[in-house]
Amino acid sequence: MNSLYGIGVFAMAGLVLPAFVDSGVWLNFIMMTLYAALLGQAWNILGGLAGQFSFGHALFFGFGAYTQAILQMQGAWNPWAALLASIAVAAAVGAMVGAISFRYGLKGSYFALVTLAFAEVCRIVAVSVQFTGGGVGLMLPLNPSVANLQFPSKLGFIYVLLALVLFALLLTWWLKHSRLGAYMQAVRDNEEAAKAVGVRPTSVKIWGITLSGGLMGAAGAVYLQIFQYIDPGIAFGPHVSVEALVTAIVGGMGSLWGPLLGALVLHLLSDMTRNLFGALPGLNMVIYGAVLVLIVMFAPRGIAGIGVSVRRLWRGSGKHD
């Protein structure tokens with residue numbers, strides 16, 4: 001229950017605090033941190049809870065973004081209805097990829113490479129067909145209104161992303177306390193042992209990639225609404241996949257708050273290095289990369305794992321006293 005209280009506190013802070021922020025820079029920081037947290041939480045369900053590493057989560061992001069764009073621009077759908085459709089399409093793609101991959105026993109590096117290959121194939125196809133705009137991409141018409149899922153300020157997008165992150169947090173919390181989540185963690189820890197006690201690993205992993213894909217599709221749809229443009233390189237390129245997995249790994253795979261902590265720390269680190277060393281081209285990226293390596297080396301369980309270790313040490317010292 002403490003986790004639910006924490007989610008409630010986070011929800012209240014997310015609703016109240018941005019309304020008192022006047023700086024566009026800080027509003028943009030909050031918005032992009034929530035966006036990264038959504039990516040990380042989506043990857044965390046499959047990679048952290050179910051233990052299936054994906055290098056191609058951009059596949060689901062791209063389907064979500066293009067579904068959102070095509071339904072609005074060519075199907076005259078309401079953007080809110082298109083958002084729900086984008087989530088459903090990305091989840092269906094996740095189920096399809098899972099059925100193909102897991103039913104043939106792909107796991108570990110083989111599964112990771114297959115997801116990367118799926119994303120790259122879709123990028124090439126998106127460049128070649130007309131309804132995606134080809135290599136030029138699609139530009140969403142500007143029409144600011146709540147009904148059109150476009151807002152005159154970043155505050156509106158912050159609240160949309162906050163709602164999606166809260167949903168992802170609640171979903172993760174439910175998985176960590178549900179039978180399906182227990183099955184996922186059993187498959188992650190020892191698939192053969194899980195199978196021996198009656199768990200069906202293929203079905204469990206398909207559920208994991210389906211839920212993960214749906215959240216990534218939501219992130220892709222909201223990205224389109226924010227930036228009003230999508231092309232194959234953005235939709236299916238490796239940057240989105242890397243951001244999703246790095247956010248979850250740095251924050252703490254398999255934990256409830258890890259992706260959110262990872263998103264916060266990575267965006268703070270990125271902005272600080274860019275502002276301090278932006279005048280020296282490339283130095284900010286070198287420092288950013290070096291800090292990431294140090295985090296992975298000395299905190300293999302992520303930032304969330306540091307807190308767990310500190311609490312255990314504190315309790316241990318208390319018992320000793």
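Since the model is a prediction, treat every value here as computed from it, not as a measurement.

Attention shifts here to the pattern of salt bridges. For the coordinates displayed, the defined rule picks out four salt bridges. Glutamate 191 is the partner of lysine 107 in a salt bridge, and the nearest nitrogen-oxygen pair spans 3.6 Å. Taken as a pair, lysine 107 in the loop between helix H4 (79–103) and helix H5 (109–128) and glutamate 191 in helix H8 (residues 191–196) lie far apart in primary sequence, 84 residues in all. Given a relative accessible area of 16%, glutamate 191 falls into the buried group. A salt bridge links aspartate 189 to arginine 188, with the shortest nitrogen-to-oxygen separation between them at 3.1 Å. With a relative accessible area of 31%, arginine 188 lands in the partly exposed category. Sharing partners across several salt bridges, the network here consists of Lys107, Glu191 and Lys205.

To continue, consider the packing of helix H2 (residues 24–49) against helix H6 (residues 154–176). Any two packed helices are characterised by how steeply their axes cross, that is the angle between the axes, and by the distance between the axes. The geometry of H2 relative to H6 is characterised by a closest axis approach of 9 Å and an angle of 25 degrees between their N-to-C directions. Relative to H6, the element H2 lies roughly parallel. H2 and H6 meet at a crossing whose hand is left-handed. In terms of residue class, the contact of H2 with H6 is made up of 20 nonpolar, five polar and two charged.

Relative to the 28 Å expected for 20 residues at 1.5 Å per residue, helix H12 (residues 258–277) spans 28 Å between its end C-alpha atoms, a close match to the ideal helical length. Three or more residues of H12 are buried, namely Gly258, Pro259, Leu260, Gly262, Ala263, Leu266, His267, Leu269 and Thr273.

Our next topic: the packing of H4 against H5. For the pair H4 and H5, the least separation of the axes is 11 Å and the interaxial angle reads 145 degrees. Between H4 and H5 the crossing geometry is right-handed. Residues Val97, Ile100, Ser101 and Phe102 of H4 touch H5, and the partners they reach there are Phe111, Val114 and Phe118. Class assignment for the residues of the contact of H4 with H5 results in six nonpolar, one polar and no charged.

Here we come to H5. The end-to-end C-alpha distance of H5, which contains 20 residues, comes to 29 Å, matching closely the 28 Å that a straight helix rising 1.5 Å per residue would cover. Among the residues of H5, Phe111, Ala112, Thr115, Ala119, Cys122 and Ala126 are the ones counted as buried. Here the buried residues of H5 occupy an arc of 110 degrees about the axis, which is enough to place them on one side. The exposed residues of H5 that point more than 90 degrees off its buried face are Tyr110, Leu113 and Ser128. Those residues of H5 that are buried lie in contact with H2, helix H3 (58–73), H4, helix H9 (201–227) and helix H10 (232–236).

Calculation criteria
- Residues numbered from 1 in each chain as written.
- Predicted model: local features only at pLDDT ≥ 70, side-chain atom pairs only at ≥ 80, totals over all residues.
- Heavy atoms only, no water.
- Salt bridge = Lys/Arg side-chain N within 4 Å of Asp/Glu carboxyl O.
- Helix = DSSP H or I, 4+ residues; strand = E, 2+ residues; numbered from the N terminus.
- Buried < 20%, exposed > 50% of the residue type's maximum accessible area, 1.4 Å probe, protein only.
- Axes fitted to C-alpha atoms, helices over the stretch in contact; angles between N-to-C directions.
- Parallel < 35°, antiparallel > 145°, perpendicular 65-115°, else oblique.
- Left-handed = near helix turned anticlockwise from the far one by under 90°.
- Nonpolar A, V, L, I, M, F, W, Y, C, P; charged D, E, K, R; others polar.
- Expected span 1.5 Å × (residues − 1).
- Contact = heavy atoms within 4.5 Å.
- Arc of directions from axis to C-beta.

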